[in-house]
Amino acid sequence: MKQADFVSLVMPFKDKVFRLAKRLLVSREEAEDATQEILLKLWRNKEKIGEYKNVEAFSMTMTKNFCLDRLKSKQAQNLKIVHSNYTDSNSSLQKQVEAKDSIDWVSKIMEELPEQQKIIVQLRDIEQYDFAEISKMLDMNETAIRVALSRARKTIREKLTNTHSYGIK
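Counting starts from 1 at the beginning of each chain's written sequence and moves along it residue by residue. Side-chain atom pairs in this predicted model are given and counted only at pLDDT of 80 or more, local residue features only at pLDDT of at least 70, and totals for whole chains, interfaces and linings cover all residues. Calculation of side-chain values draws on the structure's entire complement of heavy atoms; hydrogens and water are dropped beforehand.

Another point: the nonpolar core. In these notes, a set of buried Ala, Val, Leu, Ile, Met, Phe, Trp, Tyr and Cys residues joined through side-chain atoms within 4.5 Å is what counts as a nonpolar core. The buried label applies to any residue whose accessible area, calculated with a 1.4 Å probe on protein chains only, is under 20% of its type's maximum; exposed applies above 50%, and partly exposed to all values in between. Grouped together as the largest cluster of nonpolar side chains are 41 residues, with contacts concentrated most on Leu-42, Met-60, Ile-120, Leu-123 and Leu-138. The way it works is that DSSP assigns letters per residue, a run of H or I at least four long becomes a helix, a run of E at least two long becomes a strand, and they are numbered from the N terminus. Mapped onto this core, the elements with two or more residues apiece are helix H1 (3-24), helix H2 (28-44), helix H3 (55-72), helix H4 (93-112), helix H5 (115-126), helix H6 (131-138) and helix H7 (142-164). Sort the elements by how many residues they give to this core and H1 lands first, with 8 residues. With residues up to four places along the chain from it excluded, the contact list for Leu-42 reads Phe-6, Val-10, Phe-13, Ile-49, Phe-58, Ser-59 and Met-62. Whether two residues are in contact is decided by their heavy atoms: any pair within 4.5 Å suffices.

Here it is in structure tokens:
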């Protein structure tokens, strides 16, 4: 496989790899390092890429595993999830502040979710993979993914509702 072929194969999904890495790791720099490492691993094994049915799903699985390994390692003791994909330039300052606050709260709530639920929410709601693709990436049954996603969304919704109700019931 030549460099041009490799680039045309991985370019369509390299941003998804980055976003998943950013969701699981601390910072933009950590996510960039993880993305670079995944792309390097793919390049080193470029001759075997043709054997995979879905290179994108394979690379997402590699990303998930790499990031989880980084989180478990000693050099990652103070990693946390940061998510800042939301921007809307047409709204008022007040709405921008409220939206940023809500995103910050969702991010904080997601930090408390179990690792598996974080990954499923990232892949389904942010990356918009379908359940069959997520099932292959995580080696889980689709029903279990739906249940985990439902529980994660319910947790996020309840905690966000409690936050926005300011204790008034």
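Each turn of an α-helix holds 3.6 residues, which means side chains three or four residues apart point in the same direction. The set of residues buried in H6 consists of Phe-131, Ile-134, Ser-135, Met-137 and Leu-138. The buried side chains of H6 occupy one side of the element, clustering within an arc of 165° when seen end-on. Those residues of H6 that are buried lie in contact with H3, H5 and H7. Of the residues flanking the end of H6, it is Asp-139, one or two places downstream, whose phi is positive at about 55°. Arc, as used here, means the arc of the directions from the helix axis to the C-beta atoms.

Across its 20 residues, H4 extends 29 Å between first and last C-alpha, which sits within 8% of the 28 Å expected from 1.5 Å per residue. Buried within H4 we find Ser-107, Ile-109 and Met-110. The buried side chains of H4 occupy one side of the element, clustering within an arc of 165° when seen end-on. Seen from the open side of H4, the exposed residues pointing more than 90 degrees away from its buried face are Leu-93, Gln-94 and Glu-112. Buried residues in H4 make contact with H1, H5 and H7. Expected span of a helix: the number of residues minus one, times 1.5 Å.

A few words now on unusual backbone geometry. Notably, Gln-128 is not glycine yet its phi reads approximately 60°, a positive angle. Here Gln-128 lies in the loop between H5 and H6. For Asp-139, which is not a glycine, the phi torsion comes out positive at approximately 55°. If you trace the backbone, Asp-139 turns up in the loop between H6 and H7.

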